[in-house]
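Take a look at the letters that make up each chain.
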Amino acid sequence: MNKFWIVLSHTYLSKLKTKSFIISTIIMMALILVLSNLSNLIDKFDSDEQEKVAVIDQTEGGLFDSYKKAVAGVNEDLSIISAQDEKEAEEKVSAEEIVGYLLIQKDKTLGFKGTYKANQISDSAVSNDLLLALTQLKGQITAKELNLTEQQIAQLNTPPAFDTIALQKNAKTEEDLNQARGLVYVLLFVIYFGVLMYATMIAMEVATEKTSRVMEILISSVPPVTQMFAKIMGVALLSLTQMILFFGVGYFSIKQNLTGMDEGFFSFFGFGSTDISTIIYAIIFALLGYFLYATLAACLGSVVSKIEDVQQMISPMTMLVVIAFMIAMFGLGNPSASYITITSFIPFFTPMIMFLRVGMLEVPFWEIAISIAVLILTIVLLGIIGAKIYRGGVLMYGSSKSLKSIKNALQLSKKN
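Residues numbered from 1 in each chain as written. Predicted model: local features only at pLDDT ≥ 70, side-chain atom pairs only at ≥ 80, totals over all residues. Heavy atoms only, no water.

**Q** Outline helix H2 (residues 19-36), listing residues and values.
**A** Between its terminal C-alpha atoms H2 stretches 26 Å, which fits the 26 Å expected from 18 residues at 1.5 Å a residue. Among all positions of H2, only Phe21, Thr25, Met29, Ile32 and Ser36 are buried. All buried residues of H2 project into a common sector of 60° when viewed along the axis, lining one side. Of the exposed residues in H2, those oriented more than 90 degrees away from the buried face are Lys19, Ser20 and Ile27. (Helix = DSSP H or I, 4+ residues; strand = E, 2+ residues; numbered from the N terminus. Expected span 1.5 Å × (residues − 1). Buried < 20%, exposed > 50% of the residue type's maximum accessible area, 1.4 Å probe, protein only. Arc of directions from axis to C-beta.)

Put into structure tokens, the structure is as follows:
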């Protein structure tokens, strides 16, 4: 047991002190600080000057004043000025006095039409606001031509009442689903990158030691199986250290800048009413997913003799993670779909798919318990098989041929 802790502490400390780990951690913490202060940064960088758009009214109906009021009602930060002709407007655009100009012309069918011109039309927000204001103005003019009263106009523009109600007891409301969707979306990314990054780190660690011939010294003093699980636990502690730093910086920044989790960047994701059970399940499935893929990565890394071959060897494992993530992304729109339910019980997909269901739906506890039990059983079986592959794989040197290398590693493990 003493050897286990020696390998674990060596794996943890050696990775903790590497420049790549320190730099990546600092970059991620800086990104978290930026995201948690996003609303403040946007307010600071936003110019106090209003965006200006020139309007050329060629309808002879005196629409400029009415249209200016309509634009003010849509976006008060958008300033409308009058222009006599296109040449004058183009000169102002070239001089960057205005962002563009709108040409309002007669139209036999629709009454009038608008044409927006600017140097770049990539900023669709301006053109969308102009179109919305023009649509409202057309509605007002049409209502006057039909002699509609204000009450009739209000009734015409009022959408019908439409509610969505779940018949199943304890089912989440539409508001709850919208709030949960943002949180699940973010945590799925955390699970995806965490599992992929730290599992790959283990494979690289084993391959590096084999390349430097350190493995020959290690196996003479520490049993290969002890090495494998010590490395897995060492990287697990490393991941926990990094996550604690990330969440600690995020929590401190939020407390300093926001009064609650329903402001700024977090209002879009609906973090204000986070259910603690969702966070607990995220931690559980993230850890189980890590141990599942970390065990597999250690086995695959043990049969590789060159660092350059690691990515090729673990590519099937990477594809499994990517497929699980893509299924989860598609499932965000319809988490109750049959393919989501079925794949949530497939061990390699369970960490992300079952978490999606738990976060978005009211899943019976027995289903969650079964999925966790199957996942743990798979980890144990993979650990037993993986230990045999690892025992033989660390003794293999030469070219790696994927499945053939795994077969050779199993044969070598029987001889030891």
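So, next bit.
**Q** Requested: an account of the packing of aromatic side chains, with residues and values cited.
**A** A complete count under the given rule lists 7 aromatic pairs for this structure. Plain terms: the ring middles of phenylalanine 189 and phenylalanine 325 are 4.9 Å apart, the flat faces sit at 70° to each other, and that makes the pair edge-to-face. Taken together, the positions of phenylalanine 189 in helix H8 (residues 174-211) and phenylalanine 325 in helix H13 (residues 310-331) put the pair 136 residues apart, joining distant regions of the chain. Phenylalanine 189 sits in the partly exposed class, given a relative accessible area of 27%. Residue classification places phenylalanine 325 among the buried positions, given a relative accessible area of 8%. With centroids separated by 5.0 Å and ring planes inclined at 70°, the aromatic side chains of tyrosine 192 and phenylalanine 193 adopt a geometry described as edge-to-face. Take tyrosine 192: its relative accessible area is 13%, and that puts it in the buried class. (Phe/Tyr/Trp six-rings, centres within 6.5 Å; stacked < 30°, edge-to-face > 60°.)

**Q** Describe in detail the nonpolar core, supporting the description with residues and values.
**A** Grouped together as the largest cluster of nonpolar side chains are 63 residues, with contacts concentrated most on Phe285, Tyr290, Met317, Met352 and Phe355. Every residue in contact with methionine 317, bar those within four places of it in the chain, is listed here: Ala199, Thr200, Tyr293, Leu296, Ala297 and Leu300. In this structure, Tyr67, Leu102, Phe112 and Leu134 belong to the second largest nonpolar core, which totals 17 residues. (Core = buried A, V, L, I, M, F, W, Y, C linked by side-chain atoms within 4.5 Å. Contact = heavy atoms within 4.5 Å.)

**Q** Account for the pattern of salt bridges, naming residues and giving values.
**A** For the coordinates displayed, the defined rule picks out 2 salt bridges. In this structure, lysine 92 engages glutamate 88 in a salt bridge whose closest nitrogen and oxygen atoms are separated by 3.4 Å. One end of the pair, lysine 92, and the other, glutamate 88, are both in helix H5 (residues 86-94), 4 residues apart, so they sit about a helical turn from each other. The salt bridge partner of glutamate 367 is arginine 357, with a shortest N-O separation of 2.8 Å. Residue glutamate 367 is located in helix H16 (residues 365-393), and its partner arginine 357 is located in helix H15 (residues 350-360); the two are separated by 10 residues in the primary sequence. The exposure class assigned to glutamate 367 is buried, which follows from its relative accessible area of 12%. The buried category is assigned to arginine 357, whose relative accessible area is 6%. (Salt bridge = Lys/Arg side-chain N within 4 Å of Asp/Glu carboxyl O.)

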